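The lines below spell out each chain.
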Amino acid sequence: QSNLGNINFDISDSGVAAGNWSTFKDGKAIWYYFQGQINYPDYAGSNANGVIAIAESPLHAVVTGGGCLTCDYLSPTFAEAGKIRIEFTSTRTARFIHNDTTTIPVVAWMQGLPLFERRDYQGEWLAVVRKVVPDAPGSRGSIIESVVTARLEALEGPETYRVETSWGRKPREYPITPGDRRYKFTCVKPAPSCQSIEDHVLGLNQVCAGLCILPPRDFFTLMFKEDEAGEFLPMAIYGDPDGYYAIDDDGRYWKAYGEHDRIVIRYSGRVEQTVEINKEYTLEIIMLRLPTGMFRSATPEATP
């Protein structure tokens, strides 16, 4: 009757869902209680309609009972009042079906702490880097493959940045918004491999002869949004008196995806601001977190 009200329930370790539904009937507040088993469709079923779990139960309406805190206690009585079915399409979204006739989309109302903490990607990582420039008419292709240790540090500073472009191109939509997690990427070791990656993959320390028209580029920032998707962005630092960070918008979009202990960065497109102008290439960087205290030096007297 135009007002679903609230559904509150708990799920036991054995998969029993029990709770209450408070709503309105004929303009009066009414409470229903339910208890039923959670069922989980197989993979094929979930893949077909998006339903990952189903809770079904008969409804029992509270017919009589103490209705106020100052009244004498009156034990409640119940009456059967149809049934409900909740089809979960995620941990927070579902379809509420009443008596097989009324379907209402519902979403969980979050209270207290979130379901999981935001992931923090600070620390040391093993980075596997691969860049492939295929052969093209009049030029030779190249492949760069390297494994290095890299460090991610939370980027302190402003929540917003300037965008620097070249070649007269209009900047694309601004990628970083307040609240995004930002980490400065630093290649640590081995030094020769880091130098090769900085020069030929990241485009840091760019050298140009004569008039330089390329924006400066000092480091890369790994940025993640709430869904753990983000970008790997080249940035520059401009000094005093009006110091600020700037994003070097070179027309590329290096996508990044994060998990607990794994980060994937991918790009496929054209080189636009290096000596390899107009060459197509593909890039993949896979980062695996290096746990602290994982290794221990073994001695003849100690057990490895």
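Whatever comes next refers back to the structure up there.
All values reported here derive from a predicted model rather than from experimental measurement.

When helices and strands are counted, the protein shows two helices and 17 strands. Burial status across the protein gives 31% buried among its 304 residues. Of the accessible surface of the protein, which amounts to about 19200 Å², a share of 54% is contributed by carbon and sulfur atoms.

Right, let's talk about the sheet that holds strand E2 (residues 16-25) for a bit. As a general point, the strands of a sheet are linked pairwise by backbone hydrogen bonds and lie either parallel or antiparallel. Across the sheet, which stays open at both edges, the seven strands sit in the order E1-E2-E3-E4-E5-E6-E7 with antiparallel pairing between neighbours. Of all strands in the sheet, those with a lone pairing partner are strand E1 (6-11) and strand E7 (102-107), marking the two edges. With direction set aside, neighbouring strand axes in the sheet form an average angle of 25°. With six bridges connecting them, E1 and E2 associate as antiparallel partners. Its bridge partner being in E2, Ile 11 is matched across the sheet by Ala 17.

Scanning the entire structure with this criterion turns up one disulfide. Between Cys 187 and Cys 194 runs a disulfide, and the two sulfur atoms are separated by 2.1 Å. Torsion about the S-S bond of the Cys 187 and Cys 194 cystine: about -75°, corresponding to left-handed handedness.

This part is about the pattern of salt bridges. For the coordinates displayed, the defined rule picks out 10 salt bridges. A salt bridge links Glu 145 to Arg 130; the nearest nitrogen and oxygen atoms lie 2.5 Å apart. With Glu 145 in strand E9 (residues 142-154) and Arg 130 in strand E8 (residues 123-133), this residue pair connects regions lying 15 residues apart in the sequence. Overall, Glu 145 belongs to the exposed group, its relative accessible area being 53%. Residue classification places Arg 130 among the partly exposed residues on the basis of a relative accessible area of 41%. With its nearest N and O atoms 2.7 Å apart, the salt bridge here joins Asp 180 to Lys 225. Of this pair, Asp 180 sits in the loop between strand E10 (162-165) and strand E11 (181-189) while Lys 225 sits in the loop between strand E12 (219-224) and strand E13 (229-238), and the two are 45 residues apart along the sequence. Accessibility expressed as a relative area gives 10% for Asp 180, which makes it buried. In this structure, a network of salt bridges that share partners links the residues Glu 56, Arg 85, Glu 87 and Arg 95.

A cluster of nonpolar residues, Leu 126, Val 128, Val 147 and Leu 288, forms a patch on the protein surface that exposes about 280 Å² of accessible area. Residue position: Leu 126 is located in strand E8.

Let's shift gears to the packing of aromatic side chains. Scanning the model with the defined rule gives 14 aromatic pairs in all. Between the aromatic rings of Phe 9 and Phe 34, the centroid separation amounts to 6.5 Å while the plane-to-plane angle is 55°, which identifies the pairing as tilted. Within this pair, whereas Phe 9 is found in strand E1, its partner Phe 34 is found in strand E3 (residues 28-39), the two being separated by 25 residues in sequence. You can call Phe 34 buried: its relative accessible area is 7%. The structure contains a cluster of three or more aromatic residues connected by ring pairs, namely Phe 185, Phe 220, Phe 232, Trp 254, Tyr 267 and Tyr 281.

Attention now goes to helix H2 (residues 191-200). For H2, every residue scored as buried is listed here: Cys 194, Ile 197 and Glu 198. With its buried residues spanning 95° around the axis, H2 presents them on a single face. Against E8, E9 and E11 lie the buried residues of H2.

Our next topic: the side chain of Glu 87. Inspection of the secondary structure assignment puts Glu 87 in strand E5 (residues 77-88). Its relative accessible area of 11% is what places Glu 87 among the buried residues. Within the local environment of Glu 87, its side chain forms a polar contact with the side chain of Arg 85, the two groups lying 2.7 Å apart. Look past the residues within four positions of Glu 87 in its chain and what remains in contact with it is Val 51, Ala 53, Ile 54, Thr 93, Ala 94, Arg 95 and Ile 97.

On to unusual backbone geometry, then. Put simply, Lys 189 and Pro 190 share a cis peptide bond, and its omega is -5°. Tracing the sequence through the fold places Pro 190 in the loop between E11 and H2. Positive phi, normally seen in glycine, also occurs at Asn 99, with a value near 55°. Positionally, Asn 99 belongs in the loop between strand E6 (93-98) and E7. With phi around 60°, Asp 100 is a residue other than glycine that occupies positive phi space. In this fold, Asp 100 is placed in the loop between E6 and E7.

The rules behind the values
Residues numbered from 1 in each chain as written. Predicted model: local features only at pLDDT ≥ 70, side-chain atom pairs only at ≥ 80, totals over all residues. Heavy atoms only, no water. Helix = DSSP H or I, 4+ residues; strand = E, 2+ residues; numbered from the N terminus. Buried < 20%, exposed > 50% of the residue type's maximum accessible area, 1.4 Å probe, protein only. Areas by Shrake-Rupley, 256 points an atom, 1.4 Å probe, with all protein chains shown as cover. Pairing = 2+ DSSP bridges. Axes fitted to C-alpha atoms, helices over the stretch in contact; angles between N-to-C directions. Disulfide = S-S within 2.5 Å. Salt bridge = Lys/Arg side-chain N within 4 Å of Asp/Glu carboxyl O. Patch = residues over 30% accessible without salt bridge, like charges linked within 9 Å, V, L, I, M, F, W, Y side chains within 5 Å. Phe/Tyr/Trp six-rings, centres within 6.5 Å; stacked < 30°, edge-to-face > 60°. Arc of directions from axis to C-beta. Contact = heavy atoms within 4.5 Å. Polar contact = N/O pair within 3.5 Å; in protein donor to acceptor, adjacent residues only side chain to side chain.

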